[in-house]
Amino acid sequence: ITSNNTDATTGRGYTRTNAPTTLGNVSGMRRWVGTYGAAENHSFKCLIRQDVAPVGGTVDYYAGFRLNANTGLQDGIYFRSTNAGNWFLVARNGGVETTVDMGVAPTTILKLLEFRITGDGTSIQGYVNGASTGVAITTNIPTALNLVMMITDNRAVTITTAPDLGLFGWGVEGDLIA
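Keep in mind it's a predicted model, so treat the numbers as computed, not measured.

A. Broad picture of the overall build of the chain. From N to C terminus, the chain includes 0 helices and 13 strands. Listed by position from the N terminus, the elements making up the chain come as β-β-β-β-β-β-β-β-β-β-β-β-β. Counting over 178 residues, the chain shows a buried share of 48%. Surface exposure of the chain reaches about 7,800 Å², of which carbon and sulfur atoms provide 51%.

Here you go:
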C-alpha cells in the first residue's frame, strides 16, 4: 500500500494499493471496525479509480464488507471486478453468491460505488455515482461481516503487470435497530 499521494487532477489526497505479481498475493486497505449485520441496514460507499490495469493472471478487486482478507472468493457484501472487467455488486453467503452487473468497469476516472442494505437485511441496492444500477439483491445476504476493505487479489497464475487502485475515501453507515 502506498499512502499520502496527491492527485494533481482532482486536488485530492488518496491511498493506492498495488499487488505484486506473485500468485496468491492480497494487498490493500483492511479495517476491522466491528461486526456488520445486514439486518442493521448498513450502507457502504467508496470513491475509487484504477491507475494501472492488470495484465495476465486472474486479479480481483474488492471494495466493501468481507468475512476475511484471505485470497480467493469470500463471503461478504462487496463490489468485485475481475481482470478489470465490470464492477459487480456481490452478496455471498456460505460460498453461494448472487451478483448484479453495475455496468461500469474500473477506469482512470473516479467512480463513486455505493450499496445500501434495506428491509432489515433483506435487500441490497447498488449505485454508481449516485444513480441506482441494476436490480436489488434479495438472496445470499450474509448476516455478519467483520472487515471493511478495498483490496486486490492475485488468485490465479502470475501476472506480468500489477494492478494499481486509488482509494479517495470510503464510508460506512448503519441504522441503530433495537
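Having seen the structure, we can now continue with the description.
B. Here's a closer look at the side chain of R92. Structurally, R92 is set in strand β7 (residues 88-93). Residue R92 is classed as buried on the basis of its relative accessible area of 11%. A distance of 3.4 Å separates the side chain of R92 from the backbone oxygen of G95, its partner in a polar contact. When near neighbours in sequence (up to four residues on either side) are disregarded, R92 contacts L73, Q74, D75, G76, Y78, E97, N140 and P142.

C. Summary view of the nonpolar core. Formed by 28 residues in total, the largest nonpolar core has its most connected members in F44, F79, W87, F115 and I124. Those elements that place two or more of their residues in this core are β4 (43-52), β5 (58-66), β6 (76-82), β7, β9 (111-118), β10 (123-128), β12 (144-156) and β13 (164-173). Per-element tally for this core: the top contributor is β5, with 4 residues. Leave out the neighbours within four places in its chain, and I124 touches I77, L89, A91, F115, R116, I117, A136, I137 and I141. Membership of the second largest hydrophobic core comes to 6 residues, among which are Y62, Y78, V90 and I151.

D. Quick peek at the pattern of salt bridges. Going through the model one piece at a time under the given rule, you end up with 6 salt bridges. Across the pair D51 and R49 runs a salt bridge, and its minimum N-O distance is 2.5 Å. Take D51: its relative accessible area is 23%, and that puts it in the partly exposed class. In this structure, R92 engages E97 in a salt bridge whose closest nitrogen and oxygen atoms are separated by 2.9 Å. Under the relative-accessibility criterion, E97 is labelled partly exposed at 28%. When salt bridges that share partners are traced, they join D75, R80, R92 and E97 into one network.

What counts, and where the lines are drawn
- Residues numbered from 1 in each chain as written.
- Predicted model: local features only at pLDDT ≥ 70, side-chain atom pairs only at ≥ 80, totals over all residues.
- Heavy atoms only, no water.
- Helix = DSSP H or I, 4+ residues; strand = E, 2+ residues; numbered from the N terminus.
- Buried < 20%, exposed > 50% of the residue type's maximum accessible area, 1.4 Å probe, protein only.
- Areas by Shrake-Rupley, 256 points an atom, 1.4 Å probe, with all protein chains shown as cover.
- Polar contact = N/O pair within 3.5 Å; in protein donor to acceptor, adjacent residues only side chain to side chain.
- Contact = heavy atoms within 4.5 Å.
- Core = buried A, V, L, I, M, F, W, Y, C linked by side-chain atoms within 4.5 Å.
- Salt bridge = Lys/Arg side-chain N within 4 Å of Asp/Glu carboxyl O.

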